[in-house]
Amino acid sequence: MSRSFPRIKAVRAYISEAKSGDQGADCHDVDDKHWINGYPLPVANPMSVYPQYAPFRKSWGINALGTMVVEVEADNGECGVGITIGGEPGCYIVEKHLSRFVEGQDPRNVELMWDQMFRATLNYGRKGLPIQAISAVDLALWDLLGKLRGEPVYALLGGKVKERLPVYCTTARPDIAKELGFVASKIPCPYGPTAGEEGFKKNVEFFKGWREKVGPDFPLMLDCYMALTPTYTVRLAKELEPHGLKWIEEFLPPDDYQGYEDVRKAMMGSKVLLTTGEHEYSRHGYQLLLNSRCVDILQPDISWLGGITEARRVVAMASAHNTMVIPHGSSIYSYHLQIAFCNCPIAEFINLSPGGDKIVPYFGGLFPDEPLPANGFIDIPDKPGFGVTLCKDTLRRPYQRSEDESRKQAELNINFKPTEKAFMPF
């Protein structure tokens with residue numbers, strides 16, 4: 001006799017109203033005098049072309065949306081949690097649109113729910129905010145499913161392929177990252193092409209200065225955050241190659257697929273690895289990057305590209321192309337995915353202390369028990385779901401629906417009767 005499995009009772013979406021500097025899911029929602037915001041050096045970005053917005057990233061609203069937290073509750077009271085950026089607009093999409101595909105569903109049907117959410121948002125989605133909203137729902141579903149089954153998410157994905165996950169650090173202080181035991185470090189490129197020849201020289205001196213401080217053997221990478229052009233990228237990468245540049249990251253806007261191909265052709269024979277994908281969405285975008293073989297490493301953000309359900313597809317696609325996947329940030333959501341797949345060799349930890357001088361939780365105060373790296377590794381607790389506990393003290397639900405509204409939506413899925421007559425489906 002088959003056992004009954006809990007159904008999903010409700011979906012809830014929250015924003016965080018934490019104190020200033022507690023970034024939650026938005027790593028850029030920090031104080032003005034924070035290295036990631038461009039203090040004391042600027043950080044190159046797509047808006048660096050405008051002098052008004054070049055010095056500080058928050059000046060042009062990089063943190064305008066802020067954190068969104070999605071909670072999915074089963075009818076036995078168990079809850080799963082997913083996090084992304086998206087703020088109130090994202091909450092509206094989850095509560096007013098996506099919830100109808102989740103409430104009343106069997107939480108094991110992650111593929112069904114993902115596909116329905118994606119297809120239902122095609123007219124206004126495919127990338128950006130709608131996919132981020134889907135990501136948060138999907139992550140909450142995996143967290144819930146793990147808790148219902150009493151298993152970590154990595155076990156649901158097939159178990160560990162490695163016992164411990166090495167970690168590199170994105171920071172303004174690679175010297176401190178080295179002291180803390182990280183296996184490598186990534187620093188932000190300060191200037192874009194519009195800073196001219198002087199800016200180019202400053203970029204070179206900036207990287208050379210850190211190379212001298214960390215020594216010749218410590219891997220050092222450069223994050224360009226969509227700020228460069230193909231010509232500038234090639235020139236900069238070749239200039240920095242003798243100084244041990246391990247990889248150059250996200251050097252072009254994400255839709256410039258031809259530009260990525262051009263850089264690859266110009267860099268043939270170079271030891272510098274080419275990486276991107278932080279701002280790509282769904283498997284369809286990554287397929288373009290993989291088919292053109294223009295990058296060595298894909299860097300999806302698991303809380304942005306479509307959650308675990310879509311990320312595991314991307315990892316499988318990348319494996320067929322012998323391409324590594326090293327996700328952007330996303331903490332526990334990345335760790336559980338990476339420890340379950342062979343072509344995910346190392347994790348990123350973005351150091352969000354203002355001066356890059358101490359280890360603090362990536363998600364701020366949202367998960368008091370968020371695991372933190374130590375001695376170059378991240379160790380994932382053997383706990384159900386993603387293994388962390390949500391602190392709801394700072395959360396507010398802007399588009400609250402009644403239990404009756406959720407119940408009515410749930411009944412539509414619970415009472416749906418599939419066709420009883422078999423037919424050729426194509």
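Remember, predicted model here, so these are calculated numbers, not experimental data. (Residues numbered from 1 in each chain as written. Predicted model: local features only at pLDDT ≥ 70, side-chain atom pairs only at ≥ 80, totals over all residues. Heavy atoms only, no water.)

## Side note on the overall build of the protein chain
- From N to C terminus, the protein chain includes twelve helices and 13 strands.
- Scaling as 2.2 N^0.38, a compact globule of 426 residues should have a C-alpha radius of gyration of about 22 Å, and the protein chain matches this with 22 Å.
- Along the first, second and third principal axes, the C-alpha atoms of the protein chain reach 70 × 50 × 45 Å.
- Across the 426 residues of the protein chain, 57% fall into the buried class.
- Pairs at least 24 residues apart make up 71% of the contacts formed inside the protein chain by residues separated by at least 6 positions.
- Positive and negative side-chain charges of the protein chain, numbering 47 and 53 respectively, have mean locations separated by a distance of 3 Å. (Helix = DSSP H or I, 4+ residues; strand = E, 2+ residues; numbered from the N terminus. Rg over C-alpha atoms; globule rule 2.2 N^0.38 Å. Buried < 20%, exposed > 50% of the residue type's maximum accessible area, 1.4 Å probe, protein only. Contact = heavy atoms within 4.5 Å. Lys, Arg positive; Asp, Glu negative; His and termini not counted. Charge placed at Lys NZ, Arg CZ, Asp CG, Glu CD.)

## A closer look at empty space enclosed by the protein
- Using the criterion set out here, one finds two cavities of 30 Å³ or more in the structure.
- In this structure, the largest cavity is lined by 15 residues; those nearest its centre are H28, I36, R57, T170 and D223.
- Secondary structure elements with two or more residues in the lining of the largest cavity: strand 5 (185–188) and strand 11 (347–350).
- Its residues placed into classes, the lining of the largest cavity shows seven nonpolar, three polar and five charged.
- Space inside the second largest cavity adds up to approximately 50 Å³.
- When grouped by side-chain class, the residues that make up the lining of the second largest cavity number three nonpolar, three polar and three charged. (1 Å grid on protein atoms, 1.4 Å probe; cavity = no way out; pocket = protein on both sides within 12 Å on 5 of 7 lines; lining within 4 Å. Points joined across faces, edges and corners; volume = space filled by probe spheres on them. Nonpolar A, V, L, I, M, F, W, Y, C, P; charged D, E, K, R; others polar.)

## Some thoughts on helix 2 (residues 110–120)
- All of the buried residues in helix 2 are V110, M113, W114, M117 and F118. End-on view of helix 2: buried residues confined to an arc of 125°, all on one side of the axis.
- Tucked into the core, helix 2 has its buried residues touching strand 1 (8–16), helix 3 (129–149), helix 9 (282–292) and helix 10 (307–320). (Arc of directions from axis to C-beta.)

## Observations concerning the nonpolar core
- Residues V70, L236 and Y333 are the most contacted members of the largest nonpolar core, which totals 118 residues.
- At twelve residues, the largest contribution of residues to this core is made by helix 3.
- If we ignore the near neighbours within four places in the chain, the residues touching Y333 are V81, G82, I83, L139, I302, I308, F363, F367 and F386.
- Counting seven residues, the second-largest nonpolar core is a separate cluster that includes A184, M221, I297 and I346. (Core = buried A, V, L, I, M, F, W, Y, C linked by side-chain atoms within 4.5 Å.)

## Quick notes on the layout of surface pockets
- Of the pockets and cavities examined, the largest pocket occupies roughly 360 Å³.
- Along the wall of the largest pocket there are 17 residues; nearest its centre are I62, I85, Q132, Y225 and H279.
- Along the lines of polarity and charge, the residues of the lining of the largest pocket split into eleven nonpolar, five polar and one charged.

## Some remarks on the sheet that holds strand 2 (residues 67–74)
- Across the sheet, which stays open at both edges, the four strands sit in the order 3-2-1-13 with antiparallel pairing between neighbours. Every interior strand has two partners, whereas the edge strands, strand 3 (79–85) and strand 13 (395–396), have only one.
- Across seven bridges, strand 2 lies against strand 3 in antiparallel orientation. Paired with T67 across the bridge in strand 3 is I85.
- Most of the contacts of helix 3 go to strand 3, to which it runs at about 155°, and overall it touches strand 1, strand 2 and strand 3. (Pairing = 2+ DSSP bridges. Axes fitted to C-alpha atoms, helices over the stretch in contact; angles between N-to-C directions.)

## Focus on the packing of helix 6 (residues 196–214) against helix 7 (residues 230–240)
- Here helix 6 crosses helix 7 at 35°, and the two axes come no closer than 10 Å. Here the hand of the crossing between helix 6 and helix 7 comes out right-handed. Where helix 6 abuts helix 7, its residues E197, G199, F200, N203, V204 and F207 lie against Y232, R235, L236, E239 and L240.
- Here the residues of the contact of helix 6 with helix 7 are counted per class, giving six nonpolar, two polar and three charged. (Left-handed = near helix turned anticlockwise from the far one by under 90°.)

## Comments concerning unusual backbone geometry
- Following Y39, the chain continues to P40 via a peptide bond in cis, the omega torsion being 0°.
- Within the secondary structure layout, P40 lies in the loop between strand 1 and strand 2.
- Positive phi, close to 55°, is recorded for N322, a residue that is not glycine.
- Within the chain, N375 stands out as a residue other than glycine whose phi angle is a positive 55°.

## A few points about the environment of S185
- Tracing the backbone shows S185 in strand 5.
- The sequence separation of S185 and L222 amounts to 37 residues, and the corresponding C-alpha distance is 8.8 Å.
- Ignoring anything within four residues of it in the chain, the contact list for S185 reads Y168, C169, T171, P174, A177, F218, P219, L220 and M221.

## Some words on the packing of helix 9 against helix 10
- Direction vectors running N to C along helix 9 and helix 10 enclose 15°, while the axes themselves pass 9 Å from each other. Between helix 9 and helix 10, the crossing angle belongs to the class labelled roughly parallel. The handedness of the crossing between helix 9 and helix 10 comes out as right-handed. Only E310, R313, V314, M317 and A318 of helix 10 make contact with helix 9, whose side of the interface consists of S282, R283, Y286, Q287 and L290.
- A per-class count over the contact of helix 9 with helix 10 returns five nonpolar, two polar and three charged. (Parallel < 35°, antiparallel > 145°, perpendicular 65-115°, else oblique.)

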